[in-house]
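Observations on the three-dimensional arrangement
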Amino acid sequence: GAVVSQHPSWVICKSGTSVKIECRSLDFQATTMFWYRQFPKQSLMLMATSNEGSKATYEQGVEKDKFLINHASLTLSTLTVTSAHPEDSSFYICSAPRDRANYGYTFGSGTRLTVV
Amino acid sequence: DAKTTQPTSMDCAEGRAANLPCNHSTISGNEYVYWYRQIHSQGPQYIIHGLKNNETNEMASLIITEDRKSSTLILPHATLRDTAVYYCIVRPNTDKLIFGTGTRLQVFP
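**A word on unusual backbone geometry**
Residue Pro8 of chain A follows His7 of chain A across a cis peptide bond; omega there is -5°. Locating Pro8 of chain A in the fold gives a position in the loop between strand 1 (4-7) and strand 2 (10-13). Of note, Ser83 of chain A is a non-glycine position whose phi angle comes to about 45°, a positive value. By the secondary structure assignment, Ser83 of chain A is in the loop between strand 8 (76-81) and strand 9 (90-97). Even without being a glycine, Arg68 of chain B presents a positive backbone phi close to 65°. Checked against the element boundaries, Arg68 of chain B lands in the loop between strand 6 (61-64) and strand 7 (70-75). Residue class for Arg68 of chain B comes out buried when judged on its relative accessible area of 10%.

Okay, structure coming up:
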């Protein structure tokens, strides 16, 4: 149980276009989801916290107008990379708390974005 | 936020126990120690967590020192599939999980 489904698993887009990444909690409700970015051979960097029904909270240095986050329901959060550039090429991963009892977090399988 | 220190990399022979250390000397009393791992090009996978008692599950064992300033993740019989980056995380008093650099474990035949 506690599966987070992330789509697409990989995407290639042209510079200047926008890309949407979806993160769904399949068998549990997630009022909060987290979005991470990971560059090659580096650790995961937290970008933002997505909150159902309210605005996302962005980490310092993350451009909120470039990385649009929407958390419209208890099972879906989306990250849209707007006006993508090659430097936005990265591995994007979402996560959601599994339950309050064990405080565990379930991660999506990640999205490999390549901007050409 | 409490920070963790882990060795950059470790090797382990297949079938042997892998013992991955983590220092978290500034941990607060209500903070848990979490372990996750990330196999190449996949999302992180939860392994185990604990507060102050030693914990064991089907994947691993977690040994936390009495002063809670360090811990060790034990994979009792490492396999090639256990090759991954292992992250020790002390959970801050928020819902965030902040990843450090982790330990790259290479299991060899």
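**A word on the pattern of salt bridges**
By the definition in use, this model includes four salt bridges over all chains. A salt bridge links Lys66 of chain A to Asp88 of chain A; the nearest nitrogen and oxygen atoms lie 2.8 Å apart. Of this pair, Lys66 of chain A sits in the loop between strand 6 (57-58) and strand 7 (67-73) while Asp88 of chain A is found in the loop between strand 8 and strand 9, placing the two residues 22 residues apart along the sequence. With a relative accessible area of 12%, Lys66 of chain A lands in the buried category. Residue Asp88 of chain A is classed as buried on the basis of its relative accessible area, which comes to 5%. In this structure, the salt-bridge partner of Asp82 of chain B is Arg37 of chain B, at a minimum N-O distance of 2.7 Å. One end of the pair, Asp82 of chain B, is in the loop between strand 7 and strand 8 (84-90); the other, Arg37 of chain B, is in strand 3 (residues 33-38), and 45 residues separate them in sequence.

About the criteria used
- Residues numbered from 1 in each chain as written.
- Chains lettered and ligands numbered in written order.
- Predicted model: local features only at pLDDT ≥ 70, side-chain atom pairs only at ≥ 80, totals over all residues.
- Heavy atoms only, no water.
- Helix = DSSP H or I, 4+ residues; strand = E, 2+ residues; numbered from the N terminus.
- Buried < 20%, exposed > 50% of the residue type's maximum accessible area, 1.4 Å probe, protein only.
- Salt bridge = Lys/Arg side-chain N within 4 Å of Asp/Glu carboxyl O.

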